[in-house]
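# Analysis of the macromolecular model
Okay, here's what each chain looks like letter by letter:
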Amino acid sequence: MTTDTEDILQVNNLKMYFPVNSRGIIPRHVADVKAVDDITFNVKSGETLGIVGESGCGKTTVGRSVMQVYDLTGGEVIFEGQDISKLKAKEMRQMRQRMQMIFQDPYSSLNPRMTAGSIIGEPIKIHKMSKTKAEYAEQVEELLRVVGLNPYMRDRYPHEFSGGQRQRIGIARALAVRPSLIIADEPVSALDVSIQAQVINLMQDLQEQFSLTYMFIAHDLSVVRHISDRIAVMYLGKIVEIATRDELYENPLHPYTKALLSAVPIPDPVVERTRDRIVLEGDVPSPIDPPSGCRFHTRCPIAIDQCSEEDPEFRNVGNDHWVACLRV
Amino acid sequence: MATEQRKVVLDIKDLVTRFYTADGVVKAVDGVSYKVHEGEIVGVVGESGSGKSVTALSVMRLIPWPPGKVENGSAELNGQDMITMSNEDVLNVRGDDIAMIFQEPMTSLNPVLTIGQQLSEAVETHMGKSKKEGWERAAELLDMVGIPDAANRLHDYPHQFSGGMRQRVMIAMGLSCEPRLLIADEPTTALDVTIQAQILELIQKLNKELGTAVIIITHNLGVVARYADWVNVMYAGRIVESGPADVIYAQPRHPYTVGLLASVPRLDSDRGSKLDPIPGMPPDLMNLPSGCSFRARCKFAIDKCAEEYPPMELVSGEENHHKACWVDITTATVRN
């Protein structure tokens with residue numbers, strides 16, 4: 001993809017394989033789970049890039065690879081102009097001040113033995129962002145207020161909060177170090193509809209207020225489309241299509257994107273009656289032994305022989321719309 | 001309405017189910033009534049804790065005592081009350097006339113029995129078929145729910161099936177004795193979007209072809225819009241609005257339904273449209289507020305809402321659309 005000065009993040013040819021070892025006394029490396037297999041994308045400063053796909057497509061691994069949770073199998077991650085895949089652990093710790101993560105499960109991602117205040121304040125301490133105790137207390141209170149929680153809740157423990165409130169704590173903690181990029185991995189999927197909307201609105205408000213850039217990873221296309229400026233669709237370790245939210249909805253090119261869009265019901269019976277339904281057959285194949293050629297060809301309604309032989313090139317079809325399909 | 005002339009398969013009246021826990025009494029279902037007609041798909045929609053699943057479990061007599069107890073009401077399945085029926089009769093009816101499929105297909109299947117053993121068991125028990133006939137029927141069922149190479153896959157164990165395939169097995173099991181009513185409790189929540197579509201299309205196809213009445217219990221307003229003929233919206237253990245799907249989505253009249261619809265992002269929404277979430281949280285079912293349990297989150301609430309719970313009443317000017325709300329939101333002023 002072209003280098004752009006506006007890009008806060010560029011991911012080039014990212015590969016993340018997880019080894020599969022045989023059982024026994026001497027484990028042998030027998031195969032790899034190709035969770036992410038050679039993907040390239042960029043995130044522009046101030047935008048929200050949505051990453052959507054089904055379980056096992058590698059969307060979470062992409063987020064975690066960008067955060068350098070793993071040693072990458074291949075590729076580079078350029079964040080604010082610097083290749084962070086080569087950084088040493090200490091330098092990376094510094095770098096994480098600029099990029100933070102929000103997780104799916106607000107129940108297991110917060111330490112049950114820490115108060116809300118100390119959970120939010122921990123990164124402030126680690127990155128030494130306050131000089132005095134008073135300043136620290138003030139920052140924690142301000143963060144609570146920013147995410148719509150009452151400062152007096154600072155001394156409560158996670159179990160005393162509801163799911164939505166816990167996710168607010170997770171967001172406050174991510175904001176504590178004033179990052180420029182936030183990677184949110186399924187941040188609202190564990191929440192009920194009415195609470196989900198509160199958190200989505202909060203995230204949008206915070207983006208405006210603090211000029212944040214988001215990578216929003218989720219399986220729910222309606223939510224992703226709502227919050228994103230551009231959307232990347234993943235299937236079995238590959239990005240199959242990237243386009244702006246409207247372009248992707250109005251002019252989807254990849255047959256998988258089309259099927260995914262048609263599978264998401266719209267809460268309106270009248271609209272539903274007029275929609276085409278493309279029902280894919282079968283299940284997602286195993287990422288240990290993905291199909292040859294285009295990985296989607298085993299389920300693709302328009303696949304031709306060539307699709308099982310040739311890996312389609314990820315190419316720009318104009319309008320910043322990228323797609324990997326031989327039939328487009 | 002056509003549904004009025006159709007035969008009633010299930011008639012739930014004033015159902016009350018409570019759980020007696022160490023912390024207090026949970027009013028999980030607090031006076032629920034609804035009907036399901038022959039060949040109809042009824043969507044029961046609500047958020048966690050709204051009582052949508054507990055209602056179905058009560059009907060199925062699957063509420064464990066202690067701590068749970070059905071304290072009031074009836075649920076007539078083809079005229080027989082499930083609630084007062086003897087345990088023995090319940091065993092005969094369950095699987096035969098009424099079947100239920102659950103959210104977690106992995107935990108609902110026995111891991112040490114083959115798919116074939118589990119599928120043929122119900123047929124042998126309820127339909128008095130021989131082992132051989134049972135096995136043949138199992139192969140037929142598996143084929144019907146779209147599992148390729150069905151006859152051979154009967155020898156497989158649940159762990160050899162994917163999530164979507166396990167849910168198909170559950171549906172096959174549910175349908176094995178051709179029940180009049182299938183209750184699907186969040187049947188696709190644990191599944192991926194494209195697999196979800198496969199399963200729901202399958203349920204709809206079976207509804208059309210076999211005439212099985214279906215209750216789909218879900219939090220997903222889209223699923224209900226796509227598949228249900230009739231919608232019951234539940235909040236804090238009660239139905240707050242009910243009516244034909246088209247009417248509920250086009251002219252919701254309960255503030256909770258309105259709020260719910262404004263909270264969900266739509267795939268076809270315009271750029272920059274904002275969600276309008278319902279403020280606050282659902283009430284604690286152990287300490288329900290006086291009057292209407294939604295009033296604390298309601299922008300239309302008036303003094304009367306705190307005094308008395310509104311009964312389900314016909315929406316004025318409509319014949320099939322009921323709501324439990326004191327306020328006419330089409331003319332009311334918004335509270336500050």
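Structure report, in brief. For clarity, every value in this text was computed on a predicted model and none was experimentally measured.

## Structural notes on the overall build of chain B
Counting secondary structure elements, chain B contains 13 helices and 12 strands. In terms of C-alpha radius of gyration, chain B reaches 21 Å, essentially the compact-globule figure of 20 Å for 336 residues. For chain B, the spread of C-alpha atoms along the principal axes amounts to about 70 × 50 × 45 Å. For chain B, the proportion of its 336 residues judged to be buried stands at 49%. When contacts within chain B are restricted to residue pairs at least 6 apart in sequence, long-range pairs at least 24 apart make up 64% of them.

## Some words on the nonpolar core
Nonpolar side chains in soluble globular proteins generally cluster together in the buried interior. Residue and element names in this part refer to chain B. Counting residues in each nonpolar core, the largest one holds 188 residues, and the members touching the most others are Ile215, Ile216 and Val224. Sorting elements by how many residues they give to this core places helix α9 (residues 193–210) first, with eight residues. A domain split of this core shows at least three residues from each of domain 1 (3–97 + 181–282) and domain 2 (105–178). For valine 224, the contacting residues outside a window of four places in its chain are Gly43, Val45, Ile216, Thr218, Val231 and Ala245.

## Some points on the sheet that holds strand β4 (residues 68–77) of chain B
All names here are of chain B. Ordered in space as β2-β1-β4-β5, the four strands form an open sheet in which the pairing is antiparallel. Each of the sheet's edge strands pairs with one partner strand only, and the pair in question is β2 (24–37) and β5 (80–81). Note: strand β1 (residues 8–21) against β2, 11 bridges, orientation antiparallel. Considered in β2, the bridge of phenylalanine 19 is made with valine 26.

## Some points on the sheet that holds strand β1 (residues 7–21) of chain A
Residue and element names in this part refer to chain A. As summarised here, the arrangement of the four strands in space is β2-β1-β4-β5, forming an open sheet in which the pairing is antiparallel. In the strand order of this sheet, the two ends are held by β2 (29–44) and β5 (82–83), each with one partner. In terms of strand pairing, β1 meets strand β4 (residues 74–79) through five bridges, oriented antiparallel. Within β4, the position partnered with leucine 9 by the bridge is phenylalanine 79.

## Some points on the interface of chain A and chain B
Contact with chain A, which involves 34 residues of that partner, is made by 37 residues of chain B. Broken down by secondary-structure element, the contributors of at least two residues to the side of chain A that touches chain B are α6 (193–210), α7 (221–227), α8 (245–250), α9 (255–263) and α10 (269–274) of chain A. When the residues that make up the side of chain A that touches chain B are grouped by side-chain class, the tally is 19 nonpolar, eight polar and seven charged.

## Description of unusual backbone geometry
Look at the link from Trp65(B) to Pro66(B): it is a cis peptide, with omega at -15°. Take Pro66(B): it is sitting in the loop between α2 (52–59) and β4. With omega at 5°, the peptide bond leading from Pro66(B) into Pro67(B) counts as cis. Mapped onto the fold, Pro67(B) is located in the loop between α2 and β4. Phi angles above zero are rare outside glycine, and Glu80(A) is one such case at about 45°. On the secondary structure map, Glu80(A) appears in the loop between β4 and β5. Judged by local crowding, Glu80(A) falls into the partly exposed class, with 14 C-beta atoms found within 10 Å.

About the thresholds
- Counting starts from 1 at the beginning of each chain's written sequence and moves along it residue by residue.
- Lettering of chains starts at A and numbering of ligands starts at 1, both following the order in which they are written.
- For a predicted model such as this one, the threshold for reporting local features is a pLDDT of at least 70, and the threshold for listing and counting side-chain atom pairs is 80 or more; totals across whole chains, interfaces and linings nevertheless cover every residue.
- For the purposes of this entry, the term helix denotes a DSSP run of H or I that reaches at least four residues, the term strand denotes a run of E that reaches at least two, and both are numbered from the N terminus.
- The atom set for the radius of gyration is the C-alpha atoms, and the globule formula is 2.2 Å times the number of residues raised to the power 0.38.
- Burial is judged by counting the other C-beta atoms within 10 Å of a residue's own C-beta: 20 or more makes it buried, 12 or fewer makes it exposed, and any count in between marks it as partly exposed, with every C-beta position built from the backbone.
- Once C-beta atoms have been placed from the backbone, residue pairs whose C-beta atoms lie within 7 Å are recorded as contacts.
- Put simply, a nonpolar core is a cluster of buried Ala, Val, Leu, Ile, Met, Phe, Trp, Tyr and Cys residues tied together by C-beta atoms within 7 Å.
- Start and end positions for the domains come from either an automated domain assignment or a database one.
- Strands pair, by our definition, only if DSSP identifies at least two bridges between them.
- Polar here means any residue other than Ala, Val, Leu, Ile, Met, Phe, Trp, Tyr, Cys and Pro, which are nonpolar, and Asp, Glu, Lys and Arg, which are charged; Gly is therefore polar.

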